[in-house]
Amino acid sequence: MSDRPPHGNATVSNASVSGKMRQRSRQACGPCRQRKRKCDGQFPCSTCTGYGYDCQYMDEPSKAAKRSADDAGLLPLPPAKEARVLEWQDTHANRAPAISTPSSGILEPLKLRYMGRHSSVAFPMTVGLEMQAANPPRLHSFAYNPGVRAEPGCGVNFDLATYISWDKVKNLMDVYSLTVHPVFGILDLERLSQRGEEHWHGRDQGLGFEALISGVIGLGSLFSGFLGEDQEMRIVRHAKEILEDASIGRVPSIDKIAGWILRTVYVRTTSRPHSAWMCSCTTMHLVEAAGLHQPLDAVVLTTGDSGKKALEDIAETRERIAQIAQCLNIIIAYDYGRSVVNLGLTWKSGLRDGVRQGDWTPQLFDLVGAVPLDRHADDAARRNELMAGLDKVAQTVVEHDFLVLIKADLAFCLFRRLRVLEWTWPPGSLHTIVSVGLLALPAARRLMVQNHPWWNVVGTVFQFICVLIAIDTTESLETISEAMETLEMITERLSTHLAIEALHTARHLVRASLEKKHKGISILERVSGISDGAEGQWPSLGSFLESFQQTPSMDMDFLLGMDLLL
């Protein structure tokens, strides 16, 4: 069992860290002193983490505060500013602040823990303050359960630094920086590399960092094939074990939230819809647990104003992490027809000016921000809302090929919702959907040539074919040929079960559409009294199907036995 503490030292956009990590503990925490156990001086220390104790440093508050800022501390500061550490005043270190200003919640910076002011956990402290108690109760889950069972200890026992060399990790980080980072820009890659160098050379960065770097390794391998599948999956599983460990998860950190974002991207690209949705929802709940969804002027800090400045310095970083998590949740939930975890974020869009070169994350924000979330409104209002959203999505300019596919996916989501509501399409609106889909075809081909297996490189093209068949206009039917050629090209390069299955299903739907039209033509022939001798004017069903001769013979029962990844 690992005794490494889950640090919260973040490696996020526009972030850096100051100070040197402590090599030796000068002070033991309260539980370790009481039980005469070895303490590593971290916050929380590895002993408390492993045994489930409530780690506290009652003495030397200024040192405890500095340790918390360095090791578990909320967020590092941007490189343009000198790093600041929390400075506690001796007379206020163990006292909760007065709660007098209107706010929606309370944030405990040292543990990155947020809760509503009406929480049962916050209530004893609030009552103590109102009673002007000399030592009001701390923010703690008093009597939350009967306490008849000890909490489980840390169950992570994998040595990542021994399993894979630092040289390989650096190569995979380079792949990640060129593929995933441009559209999901949550990491300061320079700082990540620095921390990785320290971690692989004996200066432990904690299990939270291991979850984060394992996510980078997994995605880097997925987009490069640099590692074997077994080695990649073992590292991905290590990240999962850390993120889902009950002992480690008790204290949120930016590393862990960023790790969950990367895990969501990986699961969406490699697993099933339900699993991806669950990961995205978990990430959003952690964003809420850490208070990243709340502006700083809307929370009361348990440390008073002493920790506010450090949080203000990285406010933009907090917002970006929260919004990327929200984007993933909306994209996955909207596509799958599940609910969105809506935390009421103040949406940041139109932030393209001044963004560093190669960062397309603001374009992701613009795209997802144009989507109207599902609400309980009357059908007429909902139709208008969806149609306005479709226009906004179509007008949003994106430059990265993956975002071009995301744009098409969102347009198809809106089309499906409007279709269910039996929307009467205004002139030009169906052309908009076809145009957005057409732009996705060359984008998908380029990604495939680059061997970048984004989650929608097959799905967007397949869904486009389904949309074209459903629209059933001359323009849409003329487009099917290019869409099918693109799907065939992608399937040939991937040669995976899911790609082959999608191609067979697309051909099957085209056959079904053709047979339906042929039946209609036959009925019209009979009604119009066309003689048998004139039937040669009409193309036979066989001639329409010549382009799909590769399709194996199948009937509608094929769909009943197919694994649809539900």
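Above this note sits the structure.
As the structure is a prediction and not an experimental result, all values here were calculated from the model.

### Concerning the packing of aromatic side chains
Okay, step 1: Under the criterion given, the structure shown has 11 aromatic pairs.
Okay, step 2: Judged by centre distance (6.0 Å) and plane angle (55 degrees), the rings of Phe184 and Phe402 are tilted. With a gap of 218 residues between them, Phe184 in the loop between helix 6 (166-179) and helix 7 (189-200) and Phe402 in helix 16 (residues 401-420) connect regions that are remote in the sequence.
Okay, step 3: What makes Phe184 buried here is its relative accessible area of 1%.

### Quick look at the environment of His199
Okay, step 1: By secondary structure assignment, the location of His199 is in helix 7.
Okay, step 2: Separated by 39 residues in the primary sequence, His199 and Leu160 place their C-alpha atoms 9.9 Å from one another.
Okay, step 3: Polar side-chain contacts of His199 include one of 2.9 Å to the backbone nitrogen of Gln205.

### Points about helix 18 (residues 456-471)
Because the α-helix completes a turn every 3.6 residues, residues three or four places apart line up on one side.
Okay, step 1: In this model helix 18 runs 21 Å from its N-terminal to its C-terminal C-alpha over 16 residues, within 8% of the 22 Å that 1.5 Å per residue would give.
Okay, step 2: For helix 18, the tally of buried residues reaches 12 of 16 residues, placing the bulk of the element in the interior.
Okay, step 3: Burial in helix 18 covers these residues: Asn456, Val457, Val458, Thr460, Val461, Phe462, Phe464, Ile465, Val467, Leu468, Ile469 and Ile471.
Okay, step 4: Of the residues trailing helix 18, Asp472 is marked for its positive phi of about 60 degrees.

### Structural notes on helix 16
Okay, step 1: Compared with the 28 Å implied by 1.5 Å per residue over 20 residues, the 29 Å span of helix 16 between its first and last C-alpha is a close match.
Okay, step 2: Burial of helix 16 is extensive: 17 of the 20 residues sit out of reach of the surface.
Okay, step 3: Positive phi appears at Glu422, one or two residues downstream of helix 16, with a value of about 55 degrees.

Conventions we followed
Residues numbered from 1 in each chain as written. Predicted model: local features only at pLDDT ≥ 70, side-chain atom pairs only at ≥ 80, totals over all residues. Heavy atoms only, no water. Phe/Tyr/Trp six-rings, centres within 6.5 Å; stacked < 30°, edge-to-face > 60°. Helix = DSSP H or I, 4+ residues; strand = E, 2+ residues; numbered from the N terminus. Buried < 20%, exposed > 50% of the residue type's maximum accessible area, 1.4 Å probe, protein only. Polar contact = N/O pair within 3.5 Å; in protein donor to acceptor, adjacent residues only side chain to side chain. Expected span 1.5 Å × (residues − 1).

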